Amino acid sequence: QVQLVESGGGLVQAGGSLRLSCAASGSIFSINAMGWYRQAPGKQRELVAAITSGGSTNYADSVKGRFTISRDNAKNTVYLQMNSLKPEDTAVYYCTLEVVTNAAYDYWGQGTQVTVSS
């Protein structure tokens with residue numbers, strides 16, 4: 001059994017910063033890709049950023065230059081540093097990890113609300 005716990009969401013003014021964390025625990029052999037998605041009201045869930053086990057990253061065009069994804073393999077944790085936040089970044093943010101136990105499975109966090117006021 002694997003559990004993911006997200007933290008770091010909240011309310012911030014436009015131009016501000018937040019740092020999201022997602023920690024995995026349980027029977028983990030290794031973690032392959034890690035990523036962050038977001039879903040705003042009335043919109044589809046979209047990929048924000050992802051990072052491979054080798055450290056390669058990719059970002060949605062809308063967040064390039066403002067958001068940074070990173071990982072700490074020793075802590076089984078992925079981070080999303082969000083700077084220069086805009087009201088359009090308001091959404092529920094979900095982490096997802098491809099966890100290897102006896103096979104590779106995708107796990108999702110419970111979601112954390114990020115609200116950016118103008």
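Before reading further, recall that the structure is shown in the block above.
I will try to describe carefully the structure that is included in this document. (Residues numbered from 1 in each chain as written. Predicted model: local features only at pLDDT ≥ 70, side-chain atom pairs only at ≥ 80, totals over all residues. Heavy atoms only, no water.)

What follows concerns the sheet that holds strand S1 (residues 2-7). Read across the sheet, four strands follow the order S1-S3-S8-S7 without closing on themselves; strand pairing throughout is antiparallel. On the outer flanks of this sheet lie S1 and strand S7 (67-72), each paired with one strand and no other. On average, each strand axis in the sheet is tilted by 15° relative to the strand beside it, whichever way the strands run. Bridge analysis of S1 against strand S3 (residues 18-26) gives six bridges, and the strand direction is antiparallel. Paired with glutamate 6 across the two strands is cysteine 22, which belongs to S3. (Pairing = 2+ DSSP bridges. Helix = DSSP H or I, 4+ residues; strand = E, 2+ residues; numbered from the N terminus. Axes fitted to C-alpha atoms, helices over the stretch in contact; angles between N-to-C directions.)

A word on the packing of aromatic side chains. This structure, assessed with the given rule, holds one aromatic pair. A cation over a ring is seen here: arginine 19 above tyrosine 79, with NZ or CZ 4.0 Å from the ring centre. The positively charged end of arginine 45 is found above the aromatic ring belonging to tryptophan 108, 4.9 Å away from the centroid. (Phe/Tyr/Trp six-rings, centres within 6.5 Å; stacked < 30°, edge-to-face > 60°. Lys NZ or Arg CZ within 6 Å of the ring centre and 35° of its normal.)

What follows concerns the environment of alanine 24. With respect to the helices, strands and loops of the structure, alanine 24 is situated in strand S3. Here the alpha-carbon distance between alanine 24 and tryptophan 108, two residues 84 residues apart in the chain, equals 9.9 Å. Apart from the residues within four sequence positions on either side, alanine 24 is in contact with Gln3, Leu4, Ile31, Lys75, Asn76 and Leu97. (Contact = heavy atoms within 4.5 Å.)

Right, let's talk about the pairing of S3 for a bit. Bridge analysis of S3 against strand S8 (residues 77-82) gives six bridges, and the strand direction is antiparallel. Bridge pairing in S8 links cysteine 22 to valine 78.

A separate point is the nonpolar core. The biggest cluster of nonpolar side chains holds 31 residues, and the ones touching the most others in it are Trp36, Val78, Leu80, Met82, Tyr93 and Leu97. Mapped by element, the contributors of at least two residues to this core are S1, S3, strand S4 (30-39), strand S5 (46-51), S7, S8, strand S9 (91-100) and strand S11 (112-117). Broken down by element, the residue count for this core peaks at five residues, all from S9. (Core = buried A, V, L, I, M, F, W, Y, C linked by side-chain atoms within 4.5 Å. Buried < 20%, exposed > 50% of the residue type's maximum accessible area, 1.4 Å probe, protein only.)

Turning to the pattern of salt bridges, a few remarks are in order. On inspection of all chains with the given rule, the structure shows four salt bridges. Residue arginine 38 pairs with glutamate 46 through a salt bridge whose shortest N-O separation is 2.7 Å. Residue classification places arginine 38 among the buried residues on the basis of a relative accessible area of 6%. A residue is classified by how much of its surface remains accessible, and glutamate 46, at 34% relative accessible area, is partly exposed. One salt bridge in this structure joins aspartate 89 and arginine 38, with 3.0 Å as the shortest N-O distance. With a gap of 51 residues between them, aspartate 89 in the loop between S8 and S9 and arginine 38 in strand S4 connect regions that are remote in the sequence. Shared partners join several salt bridges into a network, and the residues in it are Arg38, Glu46, Arg66 and Asp89. (Salt bridge = Lys/Arg side-chain N within 4 Å of Asp/Glu carboxyl O.)

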